[in-house]
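# A look at the structure
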Amino acid sequence: MSDALVDLEQLLPSIPAAVERQRVGVQLDRLNAKLADFSSATGRYTAVSTVAILIGFNDENIVDMSEAALDAGRCLKSAVDEVALEVAGRSYDDLKTAISAADKAVRYHWRTVVTNEYRPIGVVGSILQRFGDELDIGKRMIALAERAERSTGLQILDLSNEIPSLIEIRADLDAEKASMTKNSEVDDFLTKLASGRATLSSVTPSVYSWLREHDALDQLAVSAR
């Protein structure tokens, strides 16, 4: 019995360290469980950042996401004890919350871009369809507008892959439109019309004659801003 007491007395100094290791082990398991979706979260972060750059969008949600990523990285790197592991877990949760908020904000802004910059291209396309020689470009403009509209329902990962293609197609159509009109006033009018910025002052005599010549006056409506 006395030998057992001696053995216990010798073990006592090591018990606190053993308990601490067990606590750290439990906390580490919890953190690892949280990090199970790390690849998905980082992929989503990259996609949100990519879309934001492509459409020139930057608000407090994007800033918060970037700061949360830096904070989470620092906390995960320095997670060496129970307290630090707990902090790292919370910082990772904060990062995922920030990514979700930025995802929502950037996709909302993309819908605005589609409304203001892509949907009007369909209007121009419908006008150009009235011209026999320009039927093809008109169809392609309408198709681009419809494709952009459909993209507003995509998840952020798919959207980050879709937007570059939409931008490239639009640039090609703009260049083709410019070579087609060969009239700077008409081209300026169509450009403004495609971006929703056309006003009555945009309809110069040259533009009016061009629209009338192609029987396109009834394709346009006048409304107050």
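Residues numbered from 1 in each chain as written. Predicted model: local features only at pLDDT ≥ 70, side-chain atom pairs only at ≥ 80, totals over all residues. Heavy atoms only, no water.

Within the largest apolar cluster, 45 residues are counted, with the highest numbers of intra-cluster contacts made by Val106, Trp110 and Tyr118. Elements with a minimum of two residues in this core: helix H3 (38-54), helix H4 (60-77), helix H5 (82-128), helix H6 (135-151), helix H7 (156-181), helix H8 (184-194) and helix H9 (205-213). When residues of this core are assigned to their parent elements, the largest contribution, 15 residues, is made by H5. Contacts of tyrosine 118, omitting those with residues within four sequence positions, involve Trp110, Val113, Leu144, Ala145, Ala148, Leu166, Ile167 and Arg170. (Core = buried A, V, L, I, M, F, W, Y, C linked by side-chain atoms within 4.5 Å. Buried < 20%, exposed > 50% of the residue type's maximum accessible area, 1.4 Å probe, protein only. Helix = DSSP H or I, 4+ residues; strand = E, 2+ residues; numbered from the N terminus. Contact = heavy atoms within 4.5 Å.)

When the charged atoms of two side chains with opposite charge come close together, those side chains can pair. With the rule as written, the count across this model stands at 11 salt bridges. Ionic pairing is found between glutamate 117 and arginine 170, a salt bridge with its closest N-O pair at 3.4 Å. One end of the pair, glutamate 117, is in helix H5; the other, arginine 170, is in helix H7, and 53 residues separate them in sequence. By relative accessible area, which is 15% here, arginine 170 ends up buried. Between arginine 119 and glutamate 149 there is a salt bridge, and its shortest N-O distance comes to 3.2 Å. A residue pair is termed long-range when its members are at least 10 positions apart, and arginine 119 in helix H5 and glutamate 149 in helix H6 qualify at 30 residues. For arginine 119, a relative accessible area of 41% gives the class partly exposed. Among the ionic contacts, a cluster of salt bridges with common partners joins Arg44, Asp103 and Arg107. (Salt bridge = Lys/Arg side-chain N within 4 Å of Asp/Glu carboxyl O.)

Okay, the environment of glycine 196 next. The residue glycine 196 is located in the loop between H8 and H9 in this model. A residue is classified by how much of its surface remains accessible, and glycine 196, at 52% relative accessible area, is exposed. When the C-alpha atoms of glycine 196 and threonine 115 are compared, they prove to be 8.7 Å apart, with 81 residues separating the residues in sequence. If we ignore the near neighbours within four places in the chain, the residues touching glycine 196 are Asn116, Pro120 and Arg225.

Moving on, we get to the environment of glycine 138. Along the chain, the position of glycine 138 falls in helix H6. Once the C-alpha coordinates of glycine 138 and glycine 122 are considered, the two residues, 16 residues apart in sequence, prove to be 7.9 Å apart. Excluding anything up to four places from it in sequence, glycine 138 contacts Gly125, Leu128 and Gln129.

Evaluation of the coordinates by the stated rule reveals 1 aromatic pair. A cation sits over an aromatic face here: arginine 170 above tyrosine 118, 5.2 Å from the ring centre. (Phe/Tyr/Trp six-rings, centres within 6.5 Å; stacked < 30°, edge-to-face > 60°. Lys NZ or Arg CZ within 6 Å of the ring centre and 35° of its normal.)

Let's shift gears to the side chain of aspartate 59. Mapped onto the secondary structure, aspartate 59 falls in the loop between H3 and H4. Look at aspartate 59: it is buried, it has no salt bridge, and the nearest opposite charge is lysine 104 at 11 Å. Engagement of the side chain of aspartate 59 in a polar contact is seen with the side chain of asparagine 61, the distance being 2.9 Å. (Lys, Arg positive; Asp, Glu negative; His and termini not counted. Polar contact = N/O pair within 3.5 Å; in protein donor to acceptor, adjacent residues only side chain to side chain.)

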